Structures are given as structure tokens and as C-alpha cells.
Amino acid sequence: MIKLSELYSGKAKTVYRTDDPEKLIMKFRDSLTAFDGKKKSEAPKKGYYNAQIAAKLLSLLEEKGIKTHFDSMISDTEMVVDAVDIIKIEVIVRNIAAGSLVKKYPFKTGQKLDPPILVFDYKSDEHGDPMINDDIAIALGLATKDELLKIRKLALSINSILLDHLADKNLLLPDFKLEFGRRKGKILLADEISCDTCRFWDKKTGESLDKDVFRFDKGDLVSAYREVARRIVPEIFEK
Ligand code: 5GP
């Protein structure tokens, strides 16, 4: 596979065209931003840890029957993915109250949410990713009613698989963000699952091991991401 020109560069990843029109290359970079890009930084090896964590979790989901855009890794930080038409909805799954949920509603940080709460945000920097409901998503033409139903079911299945997998790694999963895409009429899980898109808390200490370390200056981001990688992809430390 030959890497061609850049298709799109986001805050933490760059997507390239390839000589296969059905495939793209997604490169995980060391840059990171928070608060709508107002806070920016670089963290060496962050792209590597996130890429390895995402590859492992996307492969796990594939093994469990969830269709994802993941194809393979072609380098430590570059993932070959299926080209999809991204649905502009950020699907947030919440198992424990944290972050914006606590800011906006009378939940207490750490409060268990059972059953999990599912929230849809409109993926639009220009509008500040506002929360939307099915009616708004349909009226904006973001997805059909049937697609929203499928996305909801997929998000909850993905949550169960991840919770099961992380349980014996001493990692809590308070919440995470998913993105989906369309390919040949099917809905696929797209984007990434990593320390940039999930909250991970140490089960014993409650310590944040995710982007909150950067958002709220809680310590060394790279050590936190390395620790999650150590638990989810221990094999990369045996090389
Ligand atoms: P919150 O709504 O509390 O800010 O975020 C909930 C969860 O979704 C967190 O795990 C957070 O990392 C993830 N999330 C929400 N919006 C975004 C986003 O625009 N980008 C990324 N990378 N993660 C997001």
C-alpha cells in the first residue's frame, strides 16, 4: 500500500489517501488539544500509545462481532482503515458521572450510572459540539431514525465488551466517545478508542489515566498513557 496525499488533519490525527480508494491511513500524532483547541501541547510517544491502544481495542471489538473501520497497522503510529462516510454525531457512553455531565446536571462525580447513559453530540467545532436528540439529528440530515437505532444498539454492545475487557485490568471506564461511519450501506465503528477519547480511572486509586491529566493539569500525561498501554497492550513492552 502506498501512502498518498493528506486528506484531512485533525487535532490529534492526520488521514492520508492511499493507492487503494477503499482504504485510508490514519496517523496518530503527538499533538493534543482540549477545550475546543484553546489548550494545545505536544507529548512525545502519545501518538504511539494511543495508536497501540486503539488497534488493540478495535481488533477486540472485531473479534466480538462489531464491524469497525480497522484494517491493520502499517507502522507504530499508522493504521490502515476503511474509507467511510463519517456520521457527524459524537456518541458518548457514560457509566460513571464525570466531566460535562457533572457540570451541567446535578450528578456527583463518581456516581454509578446503571443503566449507562447515552448522549449524542453534534460533531461541529463551529457550534461547540452541542448535545442533540434524535429529532435534531434527523432534521439536520445527520442520520436516519433506523441508523440512530442501530448506533444506539452498537454503542451499548461496545460498552459491554469494553467493560468486560477492562474489568481485570484494574481500569474503570467512566465514559468514552465513539464515532460511526457508513460504508456500502452498513454502519461501521470509525475513529479511535484511546486515552484521548475515553476516561480511564485506576480502579484502586481513582487516578485519571487519560486526557483529563492534560485538561486539568493533573500530572504527567505520557506516564498516564503509558500506564494504560501497559495494561491494555502489555505485549508492546516485551519487545
Ligand atoms: P465530556 O462530555 O465529559 O467532556 O466527555 C465525555 C467523554 O467523551 C470523555 O471521555 C471525553 O474524552 C469524550 N469526548 C467528548 N467529546 C469529545 C471530543 O470532541 N473529542 C474527544 N477526543 N473526546 C471527546
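For the structure, see preceding data.
(A) The packing of aromatic side chains, seen in detail. On inspection of all chains with the given rule, the structure shows four aromatic pairs. A ring pair is formed by Y49 and F237, whose centres lie 6.3 Å apart and whose planes are at 15 degrees; its orientation type is stacked. You can see Y49 sitting in helix α1 (residues 46-63) and its partner F237 sitting in the segment after α6 (221-232), a full 188 residues away along the chain. Judged by its relative accessible area of 3%, Y49 falls in the buried class.

(B) Focus on the nonpolar core. With 62 residues, the main nonpolar core has I89, L178 and F200 as its most contacted residues. Looking at this core element by element, the count peaks at 10 residues for α1.

(C) Highlighting the site of the ligand. Close to the ligand lie 14 residues; R94, S100, D175, D196 and R199 are nearest. Residue D129 places a side-chain N or O atom 3.4 Å away from an oxygen atom belonging to the ligand. At a separation of 2.9 Å, an oxygen atom of the ligand approaches a polar side-chain atom of R199. Within the complex, 80% of the 490 Å² of free accessible area of the ligand lies under protein. Taken together, the residues of the shell around the ligand sort by class into three nonpolar, three polar and eight charged.

(D) Structural context of unusual backbone geometry. Between D114 and the following residue, P115, the backbone shows a cis peptide bond with an omega angle of 5 degrees. Along the polypeptide, P115 turns up in strand β10 (residues 112-122). Even without being a glycine, D129 presents a positive backbone phi close to 45 degrees. On the secondary structure map, D129 appears in the loop between β10 and β11 (131-132). Despite not being glycine, K184 shows a phi value in the positive range, around 50 degrees. With respect to the element layout, K184 can be found in the loop between β12 (171-183) and β13 (186-190). K184 sits in the exposed class, given a relative accessible area of 69%.

Cut-offs used in this document
- Residues numbered from 1 in each chain as written.
- Predicted model: local features only at pLDDT ≥ 70, side-chain atom pairs only at ≥ 80, totals over all residues.
- Heavy atoms only, no water.
- Phe/Tyr/Trp six-rings, centres within 6.5 Å; stacked < 30°, edge-to-face > 60°.
- Helix = DSSP H or I, 4+ residues; strand = E, 2+ residues; numbered from the N terminus.
- Buried < 20%, exposed > 50% of the residue type's maximum accessible area, 1.4 Å probe, protein only.
- Core = buried A, V, L, I, M, F, W, Y, C linked by side-chain atoms within 4.5 Å.
- Near = heavy atom within 4 Å.
- Polar contact = N/O pair within 3.5 Å; in protein donor to acceptor, adjacent residues only side chain to side chain.
- Areas by Shrake-Rupley, 256 points an atom, 1.4 Å probe, with all protein chains shown as cover.
- Nonpolar A, V, L, I, M, F, W, Y, C, P; charged D, E, K, R; others polar.

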